[in-house]
Amino acid sequence: MAGPGGGAARGFPRARTLLLATALLAAAAGLSAQAAGSAAEAFAAGQPAGRAVLLRGPEQRRGLPFFSPNALPALVGEYAAAGDRVRVWSTRAPIAFSAAWQVRRLALPAGLEARLLERGEGPVLAFRAKGYTLFFEFGAQGAALERFALAFERRFSVFFERSATDAELSFPASVDFTP
């Protein structure tokens, strides 16, 4: 029997209220994520020329976009660096580079290999180290962006050494480099 004190009559309005509250929280979370992205971009715009700021990430993904279809586990993040947006990818998976990836001669620490893939959307610079490979998707190629990538790798290598899995791995919030 459902009446003023019965459960069925009162349960429906509670369920509807709960649904409405859940929808409002989801909408607020979406707006909050947009606001956080806008706030990060505004913060990045106020940084000195030699500081890259993490705008998004790292997020776990399956598949590296500059190889044929694959399901390689990776982390991806996006930085504002040297007036450009740079997407940074990290993977622990072994990588086999095709001939399209040209060896890049840079002043690198021992054990680090650099490769460059030229493509219409912008170049991709790869650093292969023991245990991981980093990929930097640039809008344009430039010496400042290469210096950002080198500074990022130095910082990332410390994060990597202290993280047994990608679940524990992070990207630096900011990276200082010579512009």
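Look above for the structure.
For the structure given in this document, a descriptive report is provided here. (Residues numbered from 1 in each chain as written. Predicted model: local features only at pLDDT ≥ 70, side-chain atom pairs only at ≥ 80, totals over all residues. Heavy atoms only, no water.)

### Digging into the side chain of Asp84
- With respect to the helices, strands and loops of the structure, Asp84 is situated in strand 3 (residues 84-91).
- Despite its burial, Asp84 remains without a salt bridge, the nearest opposite charge being carried by Arg85 at 7.3 Å.
- Not counting residues up to four positions away in its chain, the partners in contact with Asp84 are Tyr79, Phe138, Gly139, Ala140 and Leu145. (Helix = DSSP H or I, 4+ residues; strand = E, 2+ residues; numbered from the N terminus. Buried < 20%, exposed > 50% of the residue type's maximum accessible area, 1.4 Å probe, protein only. Lys, Arg positive; Asp, Glu negative; His and termini not counted. Salt bridge = Lys/Arg side-chain N within 4 Å of Asp/Glu carboxyl O. Contact = heavy atoms within 4.5 Å.)

### So, the packing of aromatic side chains
- The final tally for this structure, using the stated rule, is 24 aromatic pairs.
- With a centroid separation of 5.9 Å and an interplanar angle of 65°, the aromatic rings of Phe66 and Phe67 are classed as edge-to-face.
- Look at Phe66 and you get buried, because its relative accessible area is 9%.
- By way of ring pairs, the aromatic residues Tyr79, Phe127, Tyr132, Phe136, Phe138, Phe148, Phe152, Phe156, Phe160, Phe171 and Phe177 are connected into one cluster. (Phe/Tyr/Trp six-rings, centres within 6.5 Å; stacked < 30°, edge-to-face > 60°.)

### Some remarks on the environment of Glu78
- Tracing the backbone through its elements, the reader meets Glu78 in strand 2 (residues 73-81).
- Glu78 sits 93 residues away from Phe171 along the chain, and the two C-alpha atoms are 9.8 Å apart.
- Sequence-distant contacts of Glu78, that is, excluding residues within four places in its chain, are made with Val53, Leu54, Leu55, Arg56, Arg85, Val86 and Arg87.

### Some thoughts on the pattern of salt bridges
- Enumeration according to the criterion identifies eleven salt bridges in this entry.
- The partner of Glu113 in a salt bridge is Arg128, with the nearest N and O atoms 3.1 Å apart. Residue Glu113 is found in strand 5 (residues 113-117), and its partner Arg128 is found in strand 6 (residues 124-129); the two are separated by 15 residues along the sequence.
- Owing to a relative accessible area of 24%, Arg128 belongs among the partly exposed residues under this scheme.
- Arg119 is the salt-bridge partner of Glu137, the closest N and O atoms lying 2.5 Å from each other.

### Notes on the nonpolar core
- The biggest cluster of nonpolar side chains holds 30 residues, and the ones touching the most others in it are Tyr79, Phe136, Phe148 and Phe152.
- For this core, the elements supplying multiple residues, two or more each, are strand 1 (51-62), strand 2, strand 3, strand 5, strand 6, strand 7 (132-137) and helix 2 (143-161).
- Among the elements that line this core, the one with the most residues is helix 2, at nine residues.
- In this structure, Phe152 is in contact with Tyr79, Val88, Leu134, Phe136, Phe171, Pro172 and Val175, ignoring residues within four places of it in sequence.
- Grouped together as the second largest cluster of nonpolar side chains are twelve residues, Phe66, Trp89, Trp101 and Phe135 included. (Core = buried A, V, L, I, M, F, W, Y, C linked by side-chain atoms within 4.5 Å.)

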